[in-house]
Amino acid sequence: MLKHEQPLLYVQNLQKKFGSGCESCKDSETRMLTKNYCAHCGTVYACRNVSFEVYPGEILGIVGESGSGKSTLMQCLYFDTEVTSGEVYFNDMELRNQNLFTLSSQKKRYIRNHKYGMVYQNPVNGLKMNFSSIGNIAEKLIAAGNRNVGEMETVGKRLLGTVHIPLFRMKEEPKNFSGGMQQRVQIAKALSNNPPVLFLDEVTTGLDLSVQAAVIDLIKKIQRELHISMIVVSHDLAVIRMLADRTLVMLNGEVIEEGLTDQILEDPIHAYTQQLVYSLL
Ligand SMILES: Nc1ncnc2c1ncn2[C@@H]1O[C@H](COP(=O)(O)OP(=O)(O)OP(=O)(O)O)[C@@H](O)[C@H]1O
Ligand SMILES: [Mg+2]
Ligand SMILES: [Zn+2]
């Protein structure tokens, strides 16, 4: 990633609140929140003025404690949920200069199917648990416009191979798989349309350490070979350290620190980031 390169994805002032707000929390300058929460009306300010860029081929890490807004941010970017306000731009010939959040749901679906891959924190959100594994991949291939069954099977097998799912299990339903295997099927599915951008939400959380290490190696290998831009979300700075070139630190819905991962680890500026870094040692 070189600074003079154009960002591939550019997010500006993304806001997401749950609830309608009240007199005492309407104004972002004067509102008094408990973490991200208005005690008067119960509105949650899950993402507040989030801005960042993702460069071609880089892995951007997003780290922050539980409830800091990481999954909400990913869901907004993937159009699973409407943003309250904000802009996102995707810098290719087709989409350049349009705020994607303002596009029709049909256009958004097109972007999901052709430009994005998503690995959800909870595999239930990313997979049909009682479809076969290869069927899950085929579903995404069909959404991306493929019709040739033989071709789809070839692609599906190759992808399952990439994520080390034994082919004799390809007809099996992911509900029979271990957590680590389910995450790997999600990764295979997310890669099936050759997306330039891949979102990974807590992809290693809940896996035991050896499986975690294998998934991390897999992600690195994919990034090296396919040069996909990735946004990797984790509450675990140890995971982010292993994967991310640059890192954003989120707290209570806000980005409180941003920089090269090495720099953040060496010289954290915000007190919360310092606490995160020292807890690694
Ligand atoms: N549908 C919803 N309705 C109301 N509040 C919500 C909703 N979804 C998320 N929130 C709130 O938004 C905030 C951010 O949640 P989010 O799931 O994005 O956090 P996170 O950083 O992904 O946490 P974790 O590390 O636990 O996954 C939390 O306070 C959460 O309670
Ligand atoms: Mg989350
Ligand atoms: Zn309020």
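Conventions used here
- Residues numbered from 1 in each chain as written.
- Chains lettered and ligands numbered in written order.
- Predicted model: local features only at pLDDT ≥ 70, side-chain atom pairs only at ≥ 80, totals over all residues.
- Heavy atoms only, no water.
- Helix = DSSP H or I, 4+ residues; strand = E, 2+ residues; numbered from the N terminus.
- Rg over C-alpha atoms; globule rule 2.2 N^0.38 Å.
- Buried < 20%, exposed > 50% of the residue type's maximum accessible area, 1.4 Å probe, protein only.
- Contact = heavy atoms within 4.5 Å.
- Areas by Shrake-Rupley, 256 points an atom, 1.4 Å probe, with all protein chains shown as cover.
- Donors = N, O, S within 2.8 Å, 3.2 Å for Na, K, Ca; no water.
- Tetrahedral: all angles 85-135°; square planar, octahedral: opposite > 155°, others 65-115°.
- Salt bridge = Lys/Arg side-chain N within 4 Å of Asp/Glu carboxyl O.
- Expected span 1.5 Å × (residues − 1).

Engineer: Whenever I open this one, the overall build of the protein confuses me. Can you help?
Structural biologist: Secondary structure summary: the protein contains 10 helices and 9 strands in total. Rg of the C-alpha trace for the protein: 19 Å, near the compact-globule value of 19 Å for 281 residues, within the 12% margin. In terms of its C-alpha atoms, the protein occupies a principal-axis envelope of roughly 60 × 45 × 40 Å. Looking at the protein as a whole, 50% of its 281 residues are labelled buried. Long-range contacts, defined here as pairs at least 24 residues apart, represent 68% of the contacts in the protein between residues at least 6 apart. Carbon and sulfur atoms form 50% of the exposed surface of the protein, whose accessible area is close to 13,400 Å².

Engineer: How do you make sense of the coordination of the zinc ion (ligand 3) when you look at a structure like this?
Structural biologist: Geometry sets the ideal angles at a metal, namely 109.5 degrees for four tetrahedral donors and 90 or 180 degrees for six octahedral donors. On the protein side, the zinc ion (ligand 3) has Cys 22 (SG), Cys 25 (SG), Cys 38 (SG) and Cys 41 (SG) as donor atoms, found 2.2 to 2.4 Å from it. Note that the zinc ion (ligand 3) binds 4 donor atoms; their angles at the metal cover 106 to 112 degrees, and the shape is tetrahedral. Residue classification places Cys 38 among the buried positions, given a relative accessible area of 0%.

Engineer: For this particular structure, what's the right way to read the coordination of the magnesium ion (ligand 2)?
Structural biologist: Within the protein, the magnesium ion (ligand 2) binds to Ser 71 (OG) and Gln 121 (OE1); these donor distances fall in the range 2.0 to 2.3 Å. Here Ser 71, found in helix 1 (residues 70-77), pairs with Gln 121, found in the loop between strand 5 (116-119) and helix 3 (123-126); they are 50 residues apart in sequence, far enough to count as distant. Overall, the relative accessible area of 41% leaves Gln 121 in the partly exposed class.

Engineer: Is there a simple way to think about the side chain of Thr 204 in this case?
Structural biologist: On the secondary structure map, Thr 204 appears in the loop between strand 6 (197-201) and helix 7 (209-226). For Thr 204, a relative accessible area of 2% gives the class buried. Beyond its immediate stretch of four places on either side in the chain, Thr 204 contacts Gln 212, Val 215, Ile 216 and Val 239.

Engineer: Honestly, the pattern of salt bridges in this entry has me stumped. Any pointers?
Structural biologist: One side chain can pair with another of opposite charge once the charged atoms of both are near each other. Counting across every chain of the model gives 13 salt bridges. Among the salt bridges present, the one from Arg 112 reaches Asp 80, with a minimum N-O distance of 2.8 Å. Of this pair, Arg 112 sits in helix 2 (residues 105-114) while Asp 80 sits in the loop between helix 1 and strand 4 (85-90), and the two are 32 residues apart along the sequence. The exposure class assigned to Arg 112 is partly exposed, which follows from its relative accessible area of 23%. Look at Asp 80 and you get partly exposed, because its relative accessible area is 35%. Taken together, the shared-partner salt bridges in this structure form one network comprising Glu 58, Arg 246 and Glu 258.

Engineer: Whenever I open this one, helix 6 (residues 179-191) confuses me. Can you help?
Structural biologist: Think of an α-helix as 3.6 residues a turn; residues three or four steps apart then line up on the same face. Counted at 1.5 Å a residue, the expected span for helix 6 with its 13 residues is 18 Å, and the 19 Å between its end C-alpha atoms agrees. Judged by how many residues are buried, helix 6 sits mostly within the fold: 12 of 13 residues are covered. For helix 6, every residue scored as buried is listed here: Gly 180, Met 181, Gln 182, Gln 183, Arg 184, Val 185, Gln 186, Ile 187, Ala 188, Lys 189, Ala 190 and Leu 191. Elements that come into contact with the buried residues of helix 6 comprise strand 5, helix 3, helix 4 (133-143), helix 5 (149-162), strand 6 and helix 7.

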